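Structural description and commentary
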Amino acid sequence: MTMRSKILNTIGSIAALLAVLTFFFSIRPEDFLRRNEAAVTQAEVEAAGAAVSFTGKKAGADIPRVAGAEDFMAQYPFSQFTVEPVNAVPTGVYELARWRSNTAVVGHRTRNYSQATTNALWAMTGYNEYTIIEFPDGTHALALFDRGLAADLAKGKAVTLPISARVGVDTYAKPYLQDICAEYGADLENVVYAFDDGWYKEHSGQILMIRLGVVAGLIVAGAVLWAFGEGLLKRKRTRRT
């Protein structure tokens, strides 16, 4: 094998690995696992009381809609509402998912995860991206919610966020967010948070297995098709000779 072929093979292998990783993390098992989840009503929220959080649950039609930044900042911390944003702008800033530990034991070593990062590849391993959302009144705020919903917004689809709460921005993420918050006039201290931490913590293993299964199935199917194609080419060459 020539040096040129080796280089091309290496580049191709890296590109294939990145493509597989990107596809792996683009799979959204949450949509399937939560397909039968009932929407939570305002009556349920009020009956449960302030001590019970419904953050991240599907928002019913009567859950209060926050229409602007002023209304958002008027919400008490951890009060429950929803937002129907008209646009979402990715910030390129990621925080470690709040249901994850910042350490993990790998073999005999303890691995430490950064609380915040701007490395998109590194962020694939359990981080959530801060987004600038635009409220119906044209004002903006930081938000943390499922990237599938962010993709829907980018396509112009109407989106209602899960039940959300006003919570603090991660201290380590603030330096990365200063410029974009200033650009959009978004508050740097507070974020619209729309994840159900308990649900994700409970189902993280199941989500991982579904992703692995789908990717493994595609790799096997690809290998079979490749082998089949190679066999056809060999037979054609044999006939020609």
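Look above for the structure.
Throughout what follows, the structure given in this document is the object of discussion. (Residues numbered from 1 in each chain as written. Predicted model: local features only at pLDDT ≥ 70, side-chain atom pairs only at ≥ 80, totals over all residues. Heavy atoms only, no water.)

Once that is clear, we can look at the pairing of strand E5 (residues 127–134). Of all the eight residues making up E5, six are buried; the element is thus mostly covered by neighbouring parts of the structure. As defined by bridge partners, strand E1 (residues 87–96) adjoins E5 across seven bridges and the pair is classed as antiparallel. Following the sheet pairing, Val 89 is matched in E5 by Ile 132. Two elements, E5 and strand E6 (residues 140–144), share four bridges in a ladder whose sense is antiparallel. (Buried < 20%, exposed > 50% of the residue type's maximum accessible area, 1.4 Å probe, protein only. Helix = DSSP H or I, 4+ residues; strand = E, 2+ residues; numbered from the N terminus. Pairing = 2+ DSSP bridges.)

A few words on the side chain of Glu 95. With respect to the element layout, Glu 95 can be found in strand E1. Residue Glu 95 is classed as buried on the basis of its relative accessible area, which comes to 2%. Of the polar contacts made by the side chain of Glu 95, one reaches the side chain of Tyr 130; its length is 2.5 Å. With residues up to four places along the chain from it excluded, the contact list for Glu 95 reads Gln 115, Ala 116, Tyr 127, Asn 128, Tyr 130, Leu 144 and Asp 170. (Polar contact = N/O pair within 3.5 Å; in protein donor to acceptor, adjacent residues only side chain to side chain. Contact = heavy atoms within 4.5 Å.)

Let us now look at the packing of aromatic side chains. Scanning all chains against the criterion turns up seven aromatic pairs. On the numbers, 5.4 Å between centres and 65 degrees between planes, the contact of Trp 99 with Phe 195 is edge-to-face. Of this pair, Trp 99 sits in the loop between E1 and strand E2 (103–106) while Phe 195 sits in the loop between strand E8 (190–193) and helix H7 (197–240), and the two are 96 residues apart along the sequence. Accessibility classification places Trp 99 together with Phe 195 in one group, the buried group. Here the aromatic cluster, defined as three or more aromatic residues joined through ring pairs, consists of Trp 99, Tyr 193, Phe 195, Trp 199 and Tyr 200. Note that Arg 34 overlies the ring of Trp 199, its terminal NZ or CZ placed 4.6 Å from the centroid. Taking the ring centre of Tyr 113 as reference, the NZ or CZ of Arg 100 above it sits at 4.7 Å. (Phe/Tyr/Trp six-rings, centres within 6.5 Å; stacked < 30°, edge-to-face > 60°. Lys NZ or Arg CZ within 6 Å of the ring centre and 35° of its normal.)

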